[in-house]
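# Summary of structural features
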Amino acid sequence: MADIICAIDVGTTKVTTIIAEVIDADTLHVLGFGSAPSDGMTKGVVTNVAAATAAIGQAIEEAEHAADRSIGRAYVGIAGSHIDAQPSRGAVPIGRNRVVTPDDVARVKEAARAVALPHNREIIHVVARSFAVDEQEDLQDPLGMHGFRLSVDAQVVTGATGAVRNLLSCVQTHGIEIEELVLEPLASGEAVLTDAERDMGVVVVDIGGGTTDVAMFIKGSLWHTVVLDVGGQHLTHDLAVGLGAPFEAAEQLKIRYGSAMADRIAPDQEVNVEVFGESEPRVVSRLLVAEILEARAEEMINLILREIKRSGYDGLIPAGLVLTGGTARLAGLRDLARQMTHLPVRIGAPAGFAGLPDELRTPDNATGVGMLRWALKGQWVAVEHGDRRQQSSFMERIMRWLQNLLPD
Ligand SMILES: Nc1ncnc2c1ncn2[C@@H]1O[C@H](COP(=O)(O)OP(=O)(O)OP(=O)(O)O)[C@@H](O)[C@H]1O
Ligand SMILES: [Mg+2]
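Bear in mind that the values here come from a model prediction, so they are computed numbers and not experimental data. (Residues numbered from 1 in each chain as written. Chains lettered and ligands numbered in written order. Predicted model: local features only at pLDDT ≥ 70, side-chain atom pairs only at ≥ 80, totals over all residues. Heavy atoms only, no water.)

This part takes up the overall build of the chain. Across its full length, the chain holds eleven helices and 18 strands. Computed over its C-alpha atoms, the radius of gyration of the chain comes to 22 Å, within 12% of the 22 Å expected for a compact globule of 408 residues. Expressed as lengths along the three principal axes of its C-alpha atoms, the size of the chain is roughly 80 × 50 × 45 Å. Looking at the chain residue by residue over its 408 residues, the buried ones come to 54%. (Helix = DSSP H or I, 4+ residues; strand = E, 2+ residues; numbered from the N terminus. Rg over C-alpha atoms; globule rule 2.2 N^0.38 Å. Buried < 20%, exposed > 50% of the residue type's maximum accessible area, 1.4 Å probe, protein only.)

For the rest of this paragraph, the subject is the domain arrangement of the chain. Partitioning the chain into domains gives domain 1 (84-161) and domain 2 (232-294). Taking only C-alpha atoms, the centre of domain 1 and the centre of domain 2 are 50 Å apart. (Domains from an automatic or database assignment.)

Contact geometry of helix α6 (residues 232-243) with helix α8 (residues 286-310) gives a least axis separation of 9 Å together with a crossing angle of 140 degrees. It follows that α6 is oblique to α8 by the angle criterion. The two elements α6 and α8 cross, and the hand of that crossing is right-handed. On α8, the residues touching H234, L235, D238, L239, G242 and L243 of α6 are L288, V289, I292, L293, R296, A297 and M300. A class-by-class count of the residues in the contact of α6 with α8 yields nine nonpolar, two polar and two charged. (Axes fitted to C-alpha atoms, helices over the stretch in contact; angles between N-to-C directions. Parallel < 35°, antiparallel > 145°, perpendicular 65-115°, else oblique. Left-handed = near helix turned anticlockwise from the far one by under 90°. Contact = heavy atoms within 4.5 Å. Nonpolar A, V, L, I, M, F, W, Y, C, P; charged D, E, K, R; others polar.)

This brings us to the environment of V92. Topologically, V92 is positioned in strand β7 (residues 84-93). Taking the C-alpha atoms as reference points, V92 and E197, 105 residues apart in sequence, are found 31 Å from one another. Setting aside its immediate chain neighbours within four residues, V92 contacts D104, R107, V108, A111, F148, R149 and L150.

So, on to the pattern of salt bridges. In this structure the tally under the stated criterion is 19 salt bridges. Note that R98 and D104 form a salt bridge whose closest N and O atoms lie 3.1 Å from each other. A relative accessible area of 31% places R98 in the partly exposed class. For E122, the salt bridge is made with R165, and the minimal N-O distance between the two is 3.0 Å. A residue pair is termed long-range when its members are at least 10 positions apart, and E122 in strand β8 (residues 121-133) and R165 in helix α3 (residues 161-172) qualify at 43 residues. Note on R165: relative accessible area 48%, which makes it partly exposed. Each of the salt bridges in this network shares a partner with another, and the network as a whole consists of R73, E177 and E179. (Salt bridge = Lys/Arg side-chain N within 4 Å of Asp/Glu carboxyl O.)

Bringing the environment of V202 into the picture now. Residue placement: V202 occurs in strand β12 (residues 202-207). The class of V202 is buried, set by a relative accessible area of 0%. Along the chain, V202 and I317 lie 115 residues apart, while their C-alpha atoms are 5.6 Å from each other. Those residues in contact with V202 that sit more than four places away from it in its chain are L193, E197, A215, M216, F217, I317, A319, G320 and V322.

With that out of the way, let us pick up the site of ligand 1. Taken together, 19 residues sit near ligand 1, with T12, T13, T211, E251 and K254 positioned nearest. One of the side-chain nitrogen or oxygen atoms of K254 is found 2.7 Å away from an oxygen atom of ligand 1. With respect to ligand 1, the backbone of G326 contributes an N or O atom lying 2.9 Å from an oxygen atom. In isolation ligand 1 exposes 660 Å². Once the protein is present, 91% of that is buried. When contributions to the shell around ligand 1 are tallied by element, the ones reaching two or more residues are α6 and α7 (247-257). Residue classes in the shell around ligand 1 are distributed as two nonpolar, twelve polar and five charged. (Near = heavy atom within 4 Å. Polar contact = N/O pair within 3.5 Å; in protein donor to acceptor, adjacent residues only side chain to side chain. Areas by Shrake-Rupley, 256 points an atom, 1.4 Å probe, with all protein chains shown as cover.)

Note that an α-helix has 3.6 residues per turn; residues three or four places apart therefore point the same way. Those residues of helix α9 (residues 333-341) not exposed but buried are L333, L336, A337 and T341. What you see down the axis of α9 is that its buried residues fit within an arc of 110 degrees, all on one side. Contact partners of the buried residues in α9: β12, α8, β17 (321-324) and β18 (345-347). H342 lies just past α9 and shows a positive phi near 60 degrees. (Arc of directions from axis to C-beta.)

For K14, the position within the fold is in strand β2 (residues 14-24). A residue is classified by how much of its surface remains accessible, and K14, at 17% relative accessible area, is buried. Among the polar contacts listed, one links the side chain of K14 to the backbone oxygen of D364, at a separation of 3.0 Å. With residues near it in sequence (within four places) discarded, K14 still touches D9, S35, A36, P37, S38, D364 and N365.

So, about unusual backbone geometry. One non-glycine residue, K43, adopts positive backbone phi at about 50 degrees. Checked against the element boundaries, K43 lands in the loop between β4 (41-42) and β5 (45-46). Looking at K43, the relative accessible area reads 35%, which means it is partly exposed. In this structure, D134 is a non-glycine residue whose phi angle is positive, near 50 degrees. With respect to the secondary-structure elements, D134 resides in the loop between β8 and β9 (136-139).

Now for the sheet that holds β18. In space, the five strands of this open sheet follow the order β14-β13-β12-β17-β18, with mixed pairing throughout. Unpaired on one side and paired on the other, β14 (221-228) and β18 mark the two borders of the sheet. Averaged over all adjacent pairs, the angle separating strand axes in this sheet is 20 degrees, with direction ignored. Against the sheet, α8 makes contact with β12, β13 (212-218), β14 and β17, and its axis sits at roughly 140 degrees relative to β14, the strand it touches most. (Pairing = 2+ DSSP bridges.)

Now the structure itself:
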């Protein structure tokens, strides 16, 4: 087992690489990290392989330099609206006079993988919603239970093969093997949610530059996940178009003076912004800026609400929404979301483990830090239960081989 973990978050606006050392089940020590502006990424997917590869290389190099070591393997985050999740079930016999072992759990997840997929899609994760042992249903952890048949109610997360392969090759070009692809909303959930929130029912919403990653957790497990292709760049774009300003000027304006709650801004407040066609900055009403941002933010929150309804879960979400990602820093966004959803809303930043530098405790690092936590969990399970991960990946290969033999 490697005691060094590397996570690469390839976002629409920045690539972040974090290298950490595993201390124990709850503790990581970050050895170094690097961040580079993204290039060749649109709405969470690679649209220019050469440019994205270069940006990824820069972030890796910086992190390696800071950590003073090179890396050979990494966890890589994946997002984009091509991501889809579908429910699936699987069942396996447990065997005589035995209790459920980690192997059984791996096998039953493999069984749930057997969903009909078109040629151009592939499986990224199989995430258990709940398990059942014989007639005992709704189990979060079936390990150690007696019974004859283990079944799982799972979410199978899939992605478009082209988008997955493009991302992989941008990383592999740097001589780095992919330890695991991690769905970004799941990673963000790892970073910012508490166990209590997950148990009660919560939705984590990572609003980045190009995507809004949504993951809904009910009774401790993933219920639904989706990646919407809206993000902070749309807010900036609206400002740029509305004011006739260059994108970069609109971006600065948004970050420094923006708000998603127009009724909080006094009508007489004014700000300067560089505009096209004029040599001097133009004076614009800060209220107008807020109105433009609020209109788009409302649309984004409505899309999130629609996804929550579409998830098929009609119960309560007592822990409400946890907003994270760079755009969660927009002033007033939390209050707007609270007003529109009538749910509790908080802004989430990565926390909860020692050895995390302050620079990484910001909402825009939720995905990167979350991947480390995801990795830590997986590695720890592997240690506690022998080489479960290896067995599962061997099983995975066999299952894939078998699936390839089947006619579509
Ligand atoms: N203070 C702020 N107010 C408003 N927006 C902000 C602020 N700080 C950062 N942002 C926005 O956050 C976005 C970047 O967030 P983040 O770093 O989470 O995105 P990303 O991971 O690169 O993209 P994605 O996850 O969508 O692929 C940008 O659009 C930026 O304008
Ligand atoms: Mg992101």
